[in-house]
Amino acid sequence: MPHLSTYVALADRSEQTLAESLRAIGEGHANIADVFHMTGTLAKMSDQHREQLAPVVARYGEDDDVDEPERLHAAGLAEARDGEIGLLRDLQDLHVLATLVKTTWTVIAQGAQGLRDRELLDVSQAAMAQTDRQIRWFETRLKAAAPQALIVTPKPAAK
Amino acid sequence: MNDRIADIWGERTPHSKGTVWPARVDLRLDDGVNEADVDRWVQSACVLCSNGCGCDIAVKDGKMIGVRGRASDTVNHGRLGPKGLYGSTPWASSPDRLTRPMVREHGQLVETDWDTAMGRIVEVSKRLLDENGPLTHGFYTSGQLFIEEYYTLGVIGKAGLGTPHMDGNTRLCTATSAASFKESFGADGQPGSYTDIEHCDAIFLYGHNMPETQTVLWARILDRTRGEDPPRIVCVDPRRTPVAEEADRTDGVHLAPRIGTNLALMNGLTRELFVNGWVDDDWVQAHTIGVDDLRSTVESYTPEKVAEICGVDADDVRRAARIFGESDNILSTVLQGFYQSHQATAASVAVHNLHLLRGMIGRPGAGVLQMNGQPTAQNNRECGADGDLPGFRNWGNPQHVQQLADLWNVDPLTIPHWAPPTNAMQLFNYAESGSIELLWVSATNPAVSMPESARIRKILSGPQCFVIVQDLFMTETAELADVVLPAAGWGEKTGTFTNVNRTVHLSEQAVEPPGEARSDLEIFLMYARAMGFTDQDGAALPSWSTPEETFDAWREATRGRPVDYTGLSYDKLRGPSGIPWPVNEQAPTGTDRLYTDFLFPTDTDVCETYGHDLLTGGTVTETEHRAMAPAGRAFLKGADYTPAHELPSEDYPLLYTTGRTVYQFHTRTKTGRSRSLHRAAPDAWVELSTEDAGRLGISEGDVVRVESPRGAIEVKARVGQVMPGAVFAPFHYGSWDLADVAPGDQHRQANELTMTVWDPVSKQPYFKTAACRVTKIADAVGPSPAPTTAASAPAEAAASQVPATAGGDPTSSVLVPTPHYVNDPSQMSEES
């Protein structure tokens, strides 16, 4: 299983990146109350996935030191962009990160099937379902925010 | 002659299970006036809570001088409560009514004429439409207008302007009621009926201090609990309310969960149904979806775990669950303790889950009443002046949008439906950032009633947004406006409205409005005409002018929808009683309770929403909904408990919760102008438990400072009945009746402390989950102004120092023969 441990490491790191990015975006848009609070809730989901993965990591080892594939990890979001247009782009970036998390879990779940590793299968399927909830919220919030952000230009004086 | 300040619920008329609630006529007239002196009685219904009591307005010399309950009305059987009796009419002739429009000139509001005021609105409105389009316009209304006014505004906003930014203060009071119905049953609509009270064996009141919020409904319950074969009462409330006392009397249970933990308690109760075999498996199989997911969601919530999270006794959880599991017929009622608290929608949906798991719905005595706070909140939800589309239509369903486009003869693309209509909290966010540049506020007072008052005042008074306020008085909000429009109130205009249990009443104009004040309907239509809104053929939009024409147009908008008004007319509503919808060819006399056939409006083509993730508010797509093939089955939906957003800390060690007193309504616009009600609850206070007061060195009547990270109040302390660790403040008190005090300079407004955070599904703000600290700042010079008669009563130790609240003007109550009520199941069984 030379590459499963690589992907386990990728899941762990991607969830960490997503959680950190969610918190950074939430802090950056703290004046938008629902974004502030919900990014915190969603970040906790990712924290929880990492906790659930920990015993599996202990079994397989977390092999973060491989050459294949190249460009394994995606960069996180260090800070939020400004304003309502900025929020749109931030939500899009979070969506991309979450999609990477989801497909990582998909790959791991396939591997777990092949290995008949029930623990890993349960962990990956539960995490995937939760990642869907995160993605669904990004989409819901994007749709609600888009028209106002795109069409009505806020006056700079209001900032 | 009865003092209904001292005797809130009036004399008991006890009766036994399954028999009709006896009729009694309650009456109040101004000093020195007898019934014989009254010139005219004008048919209406009370608007000082959501109960919707039928009443007649007494008119003498062109002035409203009192009210009398209508014995023939199915809602109240002639009774009225203290707010209705004392508060319905005095405000109307108050000398400080707004009688002329006002505009802001050089920073000051000055009186002007209608042409000037409306001219200014239209000029700004047209300019903004030219510059940035309709998304610059926002409307914030009320739970106090009539159907005709909501529907007209809905059409102006959705078909005339094309803005999704339209919501009501119903978002603060009743949004969770609607949201929880939609999640469970597919569409809004109260399943139960008040007549369930006569037939049930147990009543569960969840976060619902009914003795103070709906006094007449509570009187109806007391007439059962004090009669033969009484129901047991289960009370879920952090305060020791009169409901809790009645729970003790009836061998029920009082559960006082720590503030912000309702969902953990509900999950615990739900788990008990599963583990004790109280679930009706066959019924659940036939009529619901989602039982397996729900079972696994609640699996870990043992009574012991619930006890730890909620601070309640594990055996009390078991006892309450046993009452739910073993009673034949149960009525549940829910209000702000759930709606305005953490995980609001999930906790309210959990009440439905309990009923669905036992098949406890759709028959007399087995019902749910998700309450409303305001008299016409239901209509804002129905008519689409809040975050919904008219007729419980689904904004995500193109066919529903097309139906509206056909009805209004406009392009469906005009009607904003790309996402849910904007909720109130988001609306104020946009007004704050300047992307909503025109905000029109009608019949509500956000400067006092919305969370985090300092922020709301800043938004309303800032230069980034042009604010129009339409009201009866110079409220704290009106003081910050750019244009103020004088409105006619209840009794000064004609219209219809619908109470908690779907009963529609006609309220006729009794007197002329003062000065140049006009009805909200006239004002909205004046704006529409001045803007020149038209349909695709160039005809005026809206096409109607009078209240009755508007009602007839609304009726058409409900055709084929669950909220069916097609069998109603003004003439029909002039009969003996209000009539509960649906009223149509199949149900010409109205419908006492919904879902008697266990068929719910969940079909994908019918439903008002495809549903949400209860934890995040993420929306379910049409495709996903269709894949579940609900086909008339109800949804069982659960969610895990999560801790509230602001927990007590070292700096702010106590939990802060806000609420109501029986003698005041909202920001006291009407009740504060009634002599009897004002004297009963003249000023703000804060309630502490005996334990916390003792620890902090605070005695009854001491002046204390209550502080959260967002603001502070300084008021007198009532050492009272809240649970240890919690602090309760009434939210009614702003600055309008304080001489020379600007809206931001008072020291008593409860919402200075609350936080801007809302439920992810219903978008209802959480007024009941902030953290605070309390410090004493001065010794008492007498007791606090808190009433003694209900949940604000002093703790036993302090009770002797505090004079009992009393001294209401005289009223009368007369027992009369109980009439026949068309849909009342008690009387149907007599006939058969």
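If you're wondering where the values come from, they're calculated on a predicted model, not measured in any experiment.

**Concerning the nonpolar core**
Moving on, step 1. In terms of nonpolar packing, the biggest core is built from 168 residues, with Tyr206(B), Trp440(B), Tyr527(B), Tyr656(B) and Val706(B) touching the most fellow members.
Moving on, step 2. Those residues in contact with Trp440(B) that sit more than four places away from it in its chain are Met118(B), Ile121(B), Gly138(B), Phe139(B), Tyr140(B), Ile468(B), Gln470(B), Leu485(B), Ile523(B), Phe524(B) and Tyr527(B).
Moving on, step 3. In terms of nonpolar packing, the next biggest core, distinct from the first, is built from 41 residues, Met45(A), Leu97(A), Ile135(A) and Ala145(A) among them.

**Here we look at the interface of chain A and chain B**
Moving on, step 1. At the interface, 25 residues of chain A touch 31 residues of chain B.
Moving on, step 2. Interface area, chain A with chain B, both sides summed: about 2300 Å², of which 55% is carbon and sulfur.
Moving on, step 3. At the junction of chain A and chain B, the tally comes to two salt bridges.
Moving on, step 4. Glu624(B) is the salt-bridge partner of Arg136(A), the closest N and O atoms lying 2.5 Å from each other.
Moving on, step 5. Joining chain A to chain B, the criterion identifies nine residue pairs in polar contact (both at pLDDT 80 or more).
Moving on, step 6. Of all the secondary structure elements, the ones that give two or more residues to the side of chain A that touches chain B are helix 2 (33–60) and helix 4 (118–151) of chain A.
Moving on, step 7. Among the residues making up the side of chain A that touches chain B, the classes are represented as 13 nonpolar, five polar and seven charged.

**Examining the packing of aromatic side chains**
Residues and elements named next belong to chain B.
Moving on, step 1. Summed over the entire model, instances satisfying the criterion amount to 23 aromatic pairs over all chains.
Moving on, step 2. Between Phe 185 and Phe 600, the aromatic rings sit 5.4 Å apart at their centres with planes inclined by 15°, giving stacked as the arrangement. Of the two residues, Phe 185 is situated in helix 5 (residues 175–185) and Phe 600 in the loop between strand 21 (579–580) and helix 25 (622–628); the sequence distance between them amounts to 415 residues. Considered together, Phe 185 and Phe 600 belong to a single accessibility category, that of buried residues.
Moving on, step 3. By way of ring pairs, the aromatic residues Tyr 151, Trp 408, Trp 544, Phe 551, Trp 554, Tyr 565 and Tyr 570 are connected into one cluster.

**Thoughts on the domain arrangement of chain B**
Residue and element names in this part refer to chain B.
Moving on, step 1. Domain assignment breaks chain B into domain 1 (2–95 + 811–831), domain 2 (102–174 + 376–491 + 507–544), domain 3 (179–371 + 621–635) and domain 4 (654–801).
Moving on, step 2. Taking only C-alpha atoms, the centre of domain 3 and the centre of domain 4 are 29 Å apart.
Moving on, step 3. Contacts between the two partners involve 26 residues from domain 3 and, on the opposite side, 23 residues from domain 4.
Moving on, step 4. Counting each side, the surface lost to burial between domain 3 and domain 4 is near 2100 Å², with a carbon and sulfur contribution of 61%.

**Thoughts on the sheet that holds strand 5 (residues 63–69) of chain B**
Residues and elements named next belong to chain B.
Moving on, step 1. Pairing in this open sheet of six strands is antiparallel, and the strands run 1-29-2-5-4-3 from one edge to the other. Every interior strand has two partners, whereas the edge strands, strand 1 (2–3) and strand 3 (40–45), have only one.
Moving on, step 2. As defined by bridge partners, strand 2 (residues 24–29) adjoins strand 5 across three bridges and the pair is classed as antiparallel. The residue bridging Arg 28 from the neighbouring strand is Val 67, located in strand 5.

**What to know about the pairing of strand 26 (residues 711–720) of chain B**
All names here are of chain B.
Moving on, step 1. Across the ten residues that make up strand 26, a large majority, seven, are buried.
Moving on, step 2. Pairing of strand 24 (residues 685–689) with strand 26 involves five bridges; the strand directions are parallel. Along strand 26, the bridge assignment pairs Trp 685 with Lys 716.
Moving on, step 3. Here strand 25 (residues 703–708) pairs with strand 26 via six bridges, running antiparallel. Bridging across to strand 26, Ser 708 finds its partner in Gly 711.
Moving on, step 4. Taken together, strand 25 and the strand that follows it, strand 26, pair antiparallel across an intervening segment of two residues.

**Concerning the side chain of Asn584(B)**
All names here are of chain B.
Moving on, step 1. Among the secondary structure elements, Asn 584 is positioned in the loop between strand 21 and helix 25.
Moving on, step 2. Take Asn 584: its relative accessible area is 14%, and that puts it in the buried class.
Moving on, step 3. Here Gln 586 takes part through its backbone nitrogen, which lies 3.2 Å from a polar atom of the side chain of Asn 584.
Moving on, step 4. Among the polar contacts listed, one links the side chain of Asn 584 to the backbone nitrogen of Ala 587, at a separation of 2.9 Å.
Moving on, step 5. Setting aside anything within four residues of it in sequence, one finds Asn 584 in contact with Asp 564, Thr 566 and Gly 567.

**Observations concerning the packing of helix 8 (residues 215–225) of chain B against helix 9 (residues 242–249) of chain B**
Between two packed helices, the angle of one axis relative to the other and the distance separating the axes together describe the packing.
Residue and element names in this part refer to chain B.
Moving on, step 1. Running from N to C, helix 8 and helix 9 point in directions that differ by 15°, and their axes come no closer than 12 Å. On the basis of the axis angle, helix 8 is roughly parallel to helix 9. In this structure, helix 8 crosses over helix 9, and the sense of that crossing is left-handed. Along the contact surface, helix 8 presents Trp 218, Leu 222 and Thr 225, while helix 9 presents Pro 242, Val 243, Glu 246 and Arg 249.
Moving on, step 2. Its residues assigned to classes, the contact of helix 8 with helix 9 comprises four nonpolar, one polar and two charged.

**A look at unusual backbone geometry**
All names here are of chain B.
Moving on, step 1. Look at the link from Leu 541 to Pro 542: it is a cis peptide, with omega at -5°.
Moving on, step 2. By secondary structure assignment, the location of Pro 542 is in the loop between helix 22 (520–531) and helix 23 (547–557).
Moving on, step 3. Cis geometry marks the peptide bond from Trp 581 to Pro 582; its omega dihedral reads 0°.
Moving on, step 4. With respect to the helices and strands, the residue Pro 582 is situated in the loop between strand 21 and helix 25.
Moving on, step 5. One non-glycine residue, Asp 61, lies in positive phi territory at about 55°.
Moving on, step 6. Tracing the sequence through the fold places Asp 61 in the loop between strand 4 (54–60) and strand 5.

**Quick look at the pairing of strand 5 of chain B**
Residue and element names in this part refer to chain B.
Moving on, step 1. Across the seven residues that make up strand 5, a large majority, six, are buried.
Moving on, step 2. Pairing of strand 4 with strand 5 involves six bridges; the strand directions are antiparallel. Paired with Val 59 across the bridge in strand 5 is Met 64.
Moving on, step 3. A loop of two residues connects strand 4 with strand 5, the two strands running antiparallel in sequence, and Asp 61 in this loop sits at a positive phi of about 55°.

**Section: a nonpolar patch on the surface**
Residues and elements named next belong to chain A.
Moving on, step 1. A surface patch of nonpolar side chains, amounting to about 300 Å² of accessible area, comprises Ile 85, Leu 150 and Ile 151.
Moving on, step 2. Within the secondary structure layout, Leu 150 lies in helix 4.
Moving on, step 3. Accessibility expressed as a relative area gives 60% for Leu 150, which makes it exposed.

**Quick word on empty space enclosed by the protein**
All names here are of chain B.
Moving on, step 1. By the definition in use, this model includes four cavities of 30 Å³ or more.
Moving on, step 2. The volume enclosed by the largest cavity comes to roughly 640 Å³.
Moving on, step 3. Lining the largest cavity are 45 residues, with Gln 144, Gln 374, Ala 443, Phe 665 and His 666 positioned closest to its centre.
Moving on, step 4. Elements represented by at least two residues in the lining of the largest cavity include exactly helix 4 (170–173), helix 7 (210–213) and strand 17 (466–471).
Moving on, step 5. Residues belonging to the lining of the largest cavity are distributed by class as follows: 16 nonpolar, 21 polar and eight charged.
Moving on, step 6. Its volume calculated, the second largest cavity comes out at about 310 Å³.

Cut-offs and rules
- Every chain is numbered independently, its residues counted from 1 as its sequence is written.
- A letter from A marks each chain and a number from 1 marks each ligand, given out in the order of writing.
- Per-residue local features of the predicted model are confined to residues with pLDDT of at least 70, and side-chain atom pairs are confined, for both listing and counting, to 80 or more; whole-chain, interface and lining totals are unaffected and use all residues.
- For side-chain calculations, the full set of non-hydrogen atoms in the structure is used, while hydrogens and water are omitted.
- Working definition of a nonpolar core: buried Ala, Val, Leu, Ile, Met, Phe, Trp, Tyr and Cys residues. They are joined through side-chain atoms within 4.5 Å.
- Throughout this description, buried means an accessible area under 20% of the type-specific maximum (1.4 Å probe, protein chains only), exposed means over 50%, and partly exposed covers the range between.
- The criterion used for residue contact is that any of the two residues' heavy atoms lie within 4.5 Å.
- Joining two parts hides part of their accessible area as seen by a 1.4 Å probe, and the buried area is that hidden amount summed over both.
- Here a salt bridge means any side-chain nitrogen of Lys or Arg lying within 4 Å of a carboxyl oxygen belonging to Asp or Glu.
- In protein, a polar contact means a hydrogen-donor-capable atom and an acceptor-capable atom, both N or O and within 3.5 Å, with residues adjacent in sequence counting only if both atoms are side-chain atoms; elsewhere, any N or O pair within 3.5 Å suffices.
- Working definition: helices are DSSP H or I runs of at least four residues, strands are E runs of at least two. Numbering for both runs from the N terminus.
- Three classes are used, and their members are as follows: Ala, Val, Leu, Ile, Met, Phe, Trp, Tyr, Cys and Pro are nonpolar, Asp, Glu, Lys and Arg are charged, and the others, Gly among them, are polar.
- Any Phe, Tyr or Trp ring, taking Trp's six-membered ring, that has another such ring centre within 6.5 Å forms a pair; planes under 30 degrees apart are called stacked, those over 60 apart edge-to-face, and the others tilted.
- Each domain's extent was defined by an automatic or database domain assignment.
- Note on pairing: DSSP must find at least two bridges between two strands before they are called paired.
- Axis definition: a line fitted to C-alpha atoms, limited for helices to the stretch in contact. Angles are taken between N-to-C directions and run from 0 to 180 degrees.
- Our angle categories are set so that under 35 degrees counts as roughly parallel, over 145 as roughly antiparallel, 65 to 115 as roughly perpendicular, and the remainder as oblique.
- Each crossing gets its hand from how the near helix is turned against the far one by less than a right angle, where anticlockwise is left-handed and clockwise is right-handed.
- Patch rule: a residue counts if its relative accessible area is over 30% and it has no salt bridge; like charges are joined within 9 Å, and nonpolar side chains (Val, Leu, Ile, Met, Phe, Trp, Tyr) within 5 Å.
- The protein chains shown are the only cover counted for residues, whose accessible areas, like all others here, come from Shrake-Rupley with a 1.4 Å probe.
- Grid points spaced at 1 Å and placed over the protein atoms alone form the basis of the search, with a cavity being a set where a 1.4 Å probe fits but cannot get out and a pocket an open set showing protein on both sides within 12 Å along at least five of seven lines. Lining residues have an atom within 4 Å of a point.
- Grid points are joined across faces, edges and corners, and a volume is the space filled by probe spheres set on the points.

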